[in-house]
Amino acid sequence: MKIFLIEQENYREWTESLGHDREWKIQEIQHQISNLLNRITAENNGFLLPLRYDFLAIIADGLSNQSLIDIYNKATEISPTKIKACLGYGKTPLEAERNAFNCIHKSDHNLYLDKLNDEIVTVCHFDIDNFTSLTLNTSAYDAIIHFNNIYYKINDKLYRLGGLTQYLGGDNFISFINYENIKDIISMVNEIDNIKVGIGIGTNARNAMENATKALDNIRKTRDKKWEISQSTLELRY
Ligand SMILES: Nc1nc2c(ncn2[C@@H]2O[C@H](COP(=O)(O)OP(=O)(O)OP(=O)(O)O)[C@@H](O)[C@H]2O)c(=O)[nH]1
């Protein structure tokens, strides 16, 4: 697995430079940066995980180093701080991210790329059943508390498998995992009520993500299963 990790350096100093009436400005700028990097990453068939916003991760399998250079250049163009970025490799997405993080802190260069083999990308798109049904919820915020209780339980298991997990809004969250751990995901969701998962496999993260959402939509059609796997060959885009 390859993770391209981008650091916005001296983030705290930048935030403090905005004064006390700053949080709304930070939120505005963070979401603008995440929006623009999300777009250029998707155009290159990757997938952006905003993580902490001062550090953003890109699932880089299937992306050329030139694509990563283009994304790095975009980040340096739009960020209010200096940018450092490293490409890391690992058996799991978490190991790859840790290696990229280590590289950022050890490397004197602002950009470190390596010639690494691409591996297939596997992503799980989790969804809670009937999250929007009014009978379940007394308020939008109560629904979030209900979601969080499930999310943190599952996230801990995904972390132990070496998955990189990101909340996407509503009752949706995804985890990029190692292909070998699909069986662990299936046994996990079989033991948890009111949750389903679409598992997507692809030659790059965008392809895998599309397949995971397709699998999730298929489950909704019949509602007689808690998981489905979908894979296809690379569809060239852009
Ligand atoms: N990020 C993201 N949000 C979604 C997606 N689909 C739905 N949502 C949001 O997630 C919330 C729940 O939507 P659904 O999961 O479709 O509805 P549900 O009530 O849980 O019904 P089922 O999942 O079909 O059982 C809503 O706030 C939607 O706006 C998606 O593909 N991605």
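Positions within a chain are numbered from 1, following the residues in the order the chain's sequence is written. Local features in a predicted model are, by the rule used here, given only for residues with pLDDT of at least 70; side-chain atom pairs are given and counted only at 80 or more, and totals for whole chains, interfaces and linings are based on all residues. Just so you know, side-chain values use all the structure's heavy atoms and leave hydrogens and water out.

The chain appears in an unreviewed UniProt entry as GTP cyclohydrolase III from Acidianus manzaensis. UniProt positions are given in the numbering used here, feature names are shortened, and annotations may be inferred rather than shown by experiment. The record in UniProt for the chain states the following under Function (unreviewed entry): "Catalyzes the formation of 2-amino-5-formylamino-6-ribofuranosylamino-4(3H)-pyrimidinone ribonucleotide monophosphate and inorganic phosphate from GTP. Also has an independent pyrophosphate phosphohydrolase activity."

> Mind laying out helix α5 (residues 140-160), listing which residues take part and the relevant values?
Counting from the N terminus, the helices are the DSSP runs of H or I reaching at least four residues and the strands are the DSSP runs of E reaching at least two. Any helix carries an expected span of 1.5 Å times its number of residues minus one. With 21 residues, α5 extends 30 Å from end C-alpha to end C-alpha; this agrees with the ideal 30 Å at 1.5 Å per step. To sort residues, take the accessible area from a 1.4 Å probe on protein chains only and compare it with the maximum for the residue type: under 20% means buried, over 50% means exposed, and anything in between is partly exposed. Of all the positions in α5, only A143, F147, I150, Y151, I154 and L158 are classed as buried. Structurally, α5 contributes buried residues whose contacts are with β6 (121-128), β7 (164-169), β8 (172-177), α6 (182-190) and β9 (195-202). In the analysis that follows, any N or O atom pair within 3.5 Å is treated as a polar contact, provided that within protein one partner can donate a hydrogen and the other can accept it, and provided that, for residues neighboring in sequence, both atoms belong to side chains. The N-terminus of α5 is capped by S139, whose side-chain oxygen sits 3.1 Å from the backbone nitrogen of Y141. Only heavy atoms matter for contacts: two residues are in contact if any of them lie within 4.5 Å across the pair.

> Account for the domain arrangement of the chain, with residues named and values stated.
The split of the chain into domains comes from an automatic or database domain assignment. Domain boundaries assigned for the chain yield domain 1 (2-112) and domain 2 (121-231). Between the C-alpha centres of domain 1 and domain 2 there is a distance of 25 Å. Between domain 1 and domain 2, the residue contacts involve 18 residues of the former and 16 residues of the latter. The term buried area denotes the loss of accessible surface (1.4 Å probe radius) that occurs when two parts are joined, taken as the sum for both partners. For the domain 1 and domain 2 pair, buried surface summed over both sides reaches about 1500 Å², with 70% attributable to carbon and sulfur atoms. Interface area lost by domain 1 to domain 2 is led by F47, P93 and L94, which between them contribute 33%. Throughout this description, the term salt bridge denotes a Lys or Arg side-chain nitrogen within 4 Å of a carboxyl oxygen of Asp or Glu. Summed over the shared surface of domain 1 and domain 2, the number is zero salt bridges. Inspection of the domain 1/domain 2 interface yields seven residue pairs in polar contact (both at pLDDT 80 or more). At the level of secondary structure, the elements contributing two or more residues to the side of domain 1 that touches domain 2 comprise α2 (23-43), β2 (47-49) and α4 (93-106). Element by element, the count of residues in the side of domain 1 that touches domain 2 is highest for α4, at four residues.

> Describe unusual backbone geometry, with residues and values.
Backbone geometry places N10, a non-glycine residue, at a positive phi of 50°. Tracing the sequence through the fold places N10 in the loop between β1 (2-8) and α1 (11-16). The phi torsion at N194 lies on the positive side, around 55°, for a residue other than glycine. Among the secondary structure elements, N194 is positioned in the loop between α6 and β9. By relative accessible area, which is 45% here, N194 ends up partly exposed.

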